[in-house]
Amino acid sequence: MSAKKETLGKTVGVVVAVCLVCSIIVSSAAVGLRSLQETNAALDKKSNIVEAAGLADIAKGDVAGTFDKYIEERFINLETGQYVDVPEDYDMYKEARNPEYMVKVQDPKVGFKQRASIASIYIVKNDAGEVTRLVLPVHGSGLWDLMYGLLALDADGNTVRELVYYQHKETPGLGGEIQNPSWKAKWNGKKLFNNGDVAIRVKKGDNASSQHAVDALSGATLTSNGVQNTLTYWVGKNGYGPYLKNQTWKS
């Protein structure tokens, strides 16, 4: 009887020891990889911004170097459109939950109930130091979840060059076509505003000749509506509207 108890005790002890060792290994690996994961996430973010900035061909594998040379991150108070200073680790998406920066959103169509009062923007300059593009982070509802993207404009603050969606859960072949190069190309040259009003539209039909309209995605009405609502909000008075109206980057 004692032998059986001893055997059971040893078995339990071995199991506990193995679990403990495995936990230590997994925890150590997670801690050890955290820095690498953060580095890769930062590089992926810069890669998307470089694409929206129209510098992907120039980058040729040196994304970080291209970003540092041609792109400057600034922060703006969305209410005033003016530049402000923020803590070094400021993240507009994380700070949307921080009472210090949180602003309630009244528009139910956009898909989120709060945002940060201060947003990131990216100013793209050429070798001569002239502003060539503005890259504005945007997000809003899709069919299944929020979609995150980057809207790139000419230095006039009105002409669209890129709309790059980098994170979404839309259905492949339907709403997922927001990442299709042929649909993305339809945005090039479109105008956001007409006489100061938000005029950009995502709608059904052949809109190639229209300055203010882009074809809706076939079979993906809710995704197309989500893109429309996202842009209407973010380039309007509650988003980047004051910044674009003031043309702060030229001052």
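Above this note sits the structure.
So, a few notes on the structure that sits alongside this text.

How each quantity is defined
- Residues numbered from 1 in each chain as written.
- Predicted model: local features only at pLDDT ≥ 70, side-chain atom pairs only at ≥ 80, totals over all residues.
- Heavy atoms only, no water.
- Helix = DSSP H or I, 4+ residues; strand = E, 2+ residues; numbered from the N terminus.
- Buried < 20%, exposed > 50% of the residue type's maximum accessible area, 1.4 Å probe, protein only.
- Areas by Shrake-Rupley, 256 points an atom, 1.4 Å probe, with all protein chains shown as cover.
- Core = buried A, V, L, I, M, F, W, Y, C linked by side-chain atoms within 4.5 Å.
- Arc of directions from axis to C-beta.
- Polar contact = N/O pair within 3.5 Å; in protein donor to acceptor, adjacent residues only side chain to side chain.
- Contact = heavy atoms within 4.5 Å.
- Pairing = 2+ DSSP bridges.
- Phe/Tyr/Trp six-rings, centres within 6.5 Å; stacked < 30°, edge-to-face > 60°.
- 1 Å grid on protein atoms, 1.4 Å probe; cavity = no way out; pocket = protein on both sides within 12 Å on 5 of 7 lines; lining within 4 Å.
- Points joined across faces, edges and corners; volume = space filled by probe spheres on them.
- Nonpolar A, V, L, I, M, F, W, Y, C, P; charged D, E, K, R; others polar.
- Salt bridge = Lys/Arg side-chain N within 4 Å of Asp/Glu carboxyl O.

The next subject is the overall build of the protein chain. Each helix and strand in the protein chain was counted, giving 6 helices and 12 strands. The burial tally for the protein chain puts 41% of its 251 residues in the buried class. For the protein chain, the accessible area works out to roughly 14,200 Å², and carbon and sulfur atoms hold 53% of it.

Counting residues in each nonpolar core, the largest one holds 45 residues, and the members touching the most others are Leu151, Trp187, Val227, Tyr240 and Leu244. Counting residues per element, the ones that place at least two in this core are strand 1 (71-77), strand 5 (118-125), strand 6 (131-141), strand 7 (146-154), strand 8 (160-167), helix 5 (221-234) and helix 6 (241-246). When residues of this core are assigned to their parent elements, the largest contribution, 5 residues, is made by strand 7.

Here helix 3 (residues 63-70) has its buried residues at Val63, Thr66, Phe67 and Tyr70. Projection of helix 3 onto a plane perpendicular to its axis shows the buried side chains occupying an angular sector of 100 degrees, all on one side. Every exposed residue of helix 3 that faces more than 90 degrees away from the buried side is listed here: Asp68 and Lys69. You can read the cap of helix 3 off the contacts: a side-chain oxygen lies 3.0 Å from the backbone nitrogen of Gly65, and it is on Asp62.

Its location among the elements puts Asp154 in strand 7. Note on Asp154: relative accessible area 19%, which makes it buried. Setting aside anything within four residues of it in sequence, one finds Asp154 in contact with Thr132, Arg133, Leu134, Thr159 and Arg161.

Looking along a regular strand, one sees the side chains alternate between the two faces of the sheet. As defined by bridge partners, strand 1 adjoins strand 5 across 7 bridges and the pair is classed as antiparallel. Looking at strand 5, one finds that Ile71 is bridged to Val124. Two strands pair when backbone bridges link them, and strand 1 and strand 2 (residues 82-83) are joined in this way by 2 bridges, in the antiparallel orientation. Along strand 2, the bridge assignment pairs Asn77 with Gln82. Following strand 1, the chain reverses through 4 residues before pairing antiparallel with strand 2; Gly81 in that reversal takes a positive phi of roughly 80 degrees.

Here we come to the packing of aromatic side chains. Going through the model one piece at a time under the given rule, you end up with 11 aromatic pairs. Summarising the aromatic geometry, the rings of Phe67 and Tyr122 are spaced 6.3 Å apart at their centres and angled 70 degrees between planes, so their arrangement reads as edge-to-face. Here the residue Phe67 occupies a position in helix 3, and Tyr122 occupies one in strand 5, the gap between them amounting to 55 residues. By relative accessible area, Phe67 is classed as buried at 8%.

Moving on, we come to the pairing of strand 8. Bridge count between strand 7 and strand 8: 6 bridges; the pairing is antiparallel. The partner of Tyr148 across the bridge, within strand 8, is Gln167. If you look at the hairpin formed by strand 7 and strand 8, you'll find 5 residues sitting between the two strands, and Gly157 has a positive phi there, around 70 degrees.

Below, the discussion takes up the layout of surface pockets. The volume enclosed by the second largest pocket comes to roughly 250 Å³. Looking at the second largest pocket, it is lined by 14 residues, and the ones nearest its centre are Phe193, Gly196, Gly241, Leu244 and Lys245. In terms of residue count, helix 6 provides more of the lining of the second largest pocket than any other element does, 4 residues in total. For the lining of the second largest pocket, the class distribution of residues is 5 nonpolar, 6 polar and 3 charged.

Take Lys45: it is sitting in helix 1 (residues 2-52). Assessed through its relative accessible area of 41%, Lys45 is described here as partly exposed. Once the C-alpha coordinates of Lys45 and Val63 are considered, the two residues, 18 residues apart in sequence, prove to be 10.0 Å apart. Not counting chain neighbours up to four residues away, the residues in contact with Lys45 comprise Glu73 and Tyr122.

What follows covers the pattern of salt bridges. Inspection of every chain in the model, using the stated rule, returns 9 salt bridges. With a shortest N-O distance of 3.3 Å, Lys169 and Asp145 are connected by a salt bridge. Within this pair, whereas Lys169 is found in the loop between strand 8 and helix 4 (181-185), its partner Asp145 is found in the loop between strand 6 and strand 7, the two being separated by 24 residues in sequence. Residue Lys169 is classed as exposed on the basis of its relative accessible area of 55%. Assessed through its relative accessible area of 34%, Asp145 is described here as partly exposed. Between Lys186 and Asp215 there is a salt bridge; the shortest N-O distance is 3.5 Å. With Lys186 in the loop between helix 4 and strand 9 (193-194) and Asp215 in strand 12 (residues 213-215), this residue pair connects regions lying 29 residues apart in the sequence.

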